[in-house]
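# Residue-level structure breakdown
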Amino acid sequence: MMAVAATASLKPTSSCLLCLRPRTKLPAGYRPVLCAIERQALFNRIAPVYDNLNDLLSLGQHRVWKRMAVSWSGAKEGDCVLDLCCGSGDLAFLLSQKVGSQGKVTGLDFSKEQLFIAASRQGLLWKPFYKNIVWIEGDALDLPFPDCHFDAITVGYGLRNLVDRNKAMKGARVSILDFNKSSQLFTSTVLEWMIDNVVIPVASSYGLAEEYTYLKSSIREFLTGRELETLALEAGFSDAKHYEIGGGLMGNLVAMR
């Protein structure tokens, strides 16, 4: 899920059996990161207002960050690319423009409602190269593709919600945009303040306070930029670099084999 600033028949994903459990004393107001099947239901519920909330809460900046992520992906004319945890399709549409009519874009998500909106937008925003996008409902931890099948993979605000993040890194090059778990106390404090005082109150006006409350704990359990670089190297990439953007509130991991 992004703020301030994841078709076949529906089935439970395997990752619902691997929920993260806290190992230390819990801070006040802590909420465990949701299991996959709960997150799936959450994203289905917020789908109708997801894009509007992203625009409102980020003041439109999420579109700039997503363009940066796609640019860092290195996707080019004729490439076969994957937008993992694609949601309503923002990154997939940007990738479509990069790879052109000779390329292919796959948008994969576990939320049927998000994919329905993505497919609807594909029709409304019709451009010739948008024909190169296919939408698949699936599990990011059990991708129906061989390793390195894609020239590039993007993930926008989805890696944080995955239990086994290595399984999401199967491309020749990946560009992963998400909230930045900063090692700087000031930045992390500002982000948590914004979630408590901006994100949740605004979401409350849509009747979605409960759905957005999990953000803070999911960011706490995420990896720092340096840890993400290490994760990418352990996953077989030869080079990995994490960039802090949006005043340090967001981050983008770029890795290549």
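First, a word on scope: everything that follows refers to the structure included in this document. (Residues numbered from 1 in each chain as written. Predicted model: local features only at pLDDT ≥ 70, side-chain atom pairs only at ≥ 80, totals over all residues. Heavy atoms only, no water.)

The subject of this paragraph is the overall build of the protein chain. When helices and strands are counted, the protein chain shows eight helices and seven strands. Counting every position in the protein chain, which comprises 257 residues, the buried fraction comes to 54%. Surface accessibility of the protein chain: about 11500 Å² in total, with carbon and sulfur atoms responsible for 56%. (Helix = DSSP H or I, 4+ residues; strand = E, 2+ residues; numbered from the N terminus. Buried < 20%, exposed > 50% of the residue type's maximum accessible area, 1.4 Å probe, protein only. Areas by Shrake-Rupley, 256 points an atom, 1.4 Å probe, with all protein chains shown as cover.)

Turning to the side chain of K66, a few remarks are in order. Mapped onto the elements of the fold, K66 is located in helix α2 (residues 61-73). For K66, a relative accessible area of 7% translates into the label buried. Apart from residues no more than four positions distant in its own chain, K66 is found in contact with N54, D90, L91, L94, Y157 and L177. (Contact = heavy atoms within 4.5 Å.)

Here we come to the side chain of S175. Its location among the elements puts S175 in strand β5 (residues 173-179). Owing to a relative accessible area of 0%, S175 belongs among the buried residues under this scheme. One polar contact links the side chain of S175 to the main-chain carbonyl oxygen of A69, over a distance of 2.7 Å. Reaching out from S175, the side chain makes a polar contact with the side chain of N252 at a distance of 3.0 Å. (Polar contact = N/O pair within 3.5 Å; in protein donor to acceptor, adjacent residues only side chain to side chain.)

Contact geometry for α2 and helix α3 (residues 90-99): axes closest at 10 Å, N-to-C directions at 45°. With respect to each other, α2 and α3 are oriented oblique. Handedness of the crossing formed by α2 with α3: right-handed. Listed contacts from α3 to H62, R63, K66, R67, A69, V70 and S73 of α2 are D90, L91, L94, L95 and K98. Of the residues belonging to the contact of α2 with α3, the class tally is five nonpolar, two polar and five charged. (Axes fitted to C-alpha atoms, helices over the stretch in contact; angles between N-to-C directions. Parallel < 35°, antiparallel > 145°, perpendicular 65-115°, else oblique. Left-handed = near helix turned anticlockwise from the far one by under 90°. Nonpolar A, V, L, I, M, F, W, Y, C, P; charged D, E, K, R; others polar.)

With 38 residues, the main nonpolar core has V81, V105, W135, F179, I195, Y212 and M250 as its most contacted residues. Counting residues per element, the ones that place at least two in this core are α1 (36-58), α2, α3, α4 (112-124), β3 (133-137), β5, α5 (185-205) and α7 (215-220). Ranked by residue count, the leading element in this core is α3, at six residues. Those residues within four positions of V105 in sequence are excluded, and the remaining contacts are V81, A92, L95, S96, V99, N132, I133 and V134. (Core = buried A, V, L, I, M, F, W, Y, C linked by side-chain atoms within 4.5 Å.)

Turning our attention to the packing of aromatic side chains. Inspection of the entire model under this criterion finds five aromatic pairs. Measuring from centroid to centroid gives 5.6 Å for Y157 and F179, while their planes differ by 70°, and the two rings are edge-to-face. Taken together, the residues span a long stretch of sequence, with Y157 in the loop between β4 (152-156) and β5 and F179 in strand β5 at a distance of 22 residues. On the basis of relative accessible area, Y157 is assigned to the buried category, the value being 2%. Grouped by ring-pair contacts, the aromatic residues F93, Y130 and W135 constitute a single cluster. Cation over ring: R257 sits above F237, and NZ or CZ is 4.0 Å from the ring centre. (Phe/Tyr/Trp six-rings, centres within 6.5 Å; stacked < 30°, edge-to-face > 60°. Lys NZ or Arg CZ within 6 Å of the ring centre and 35° of its normal.)

All right, on to α5 then. Between its first and last C-alpha atoms α5 spans 30 Å; for 21 residues at 1.5 Å apiece the expected length is 30 Å, and the two agree. Largest kink in α5: about 35°, centred on I195. Within α5 the residues assigned to the buried category are T187, L191, I195, V199, I200 and A203. Backbone geometry just after α5 places G207 at a positive phi near 75°. (Expected span 1.5 Å × (residues − 1). Bend = angle between axes of the 7 residues up to and from the residue.)

Another aspect to go through is unusual backbone geometry. With a phi close to 55°, L59 is a non-glycine residue in the positive phi region. Relative to the assigned elements, L59 resides in the loop between α1 and α2. Positive phi is not limited to glycine here, since C148 has a value of about 60°. Judged by relative accessible area, which is 41%, C148 ranks as partly exposed.

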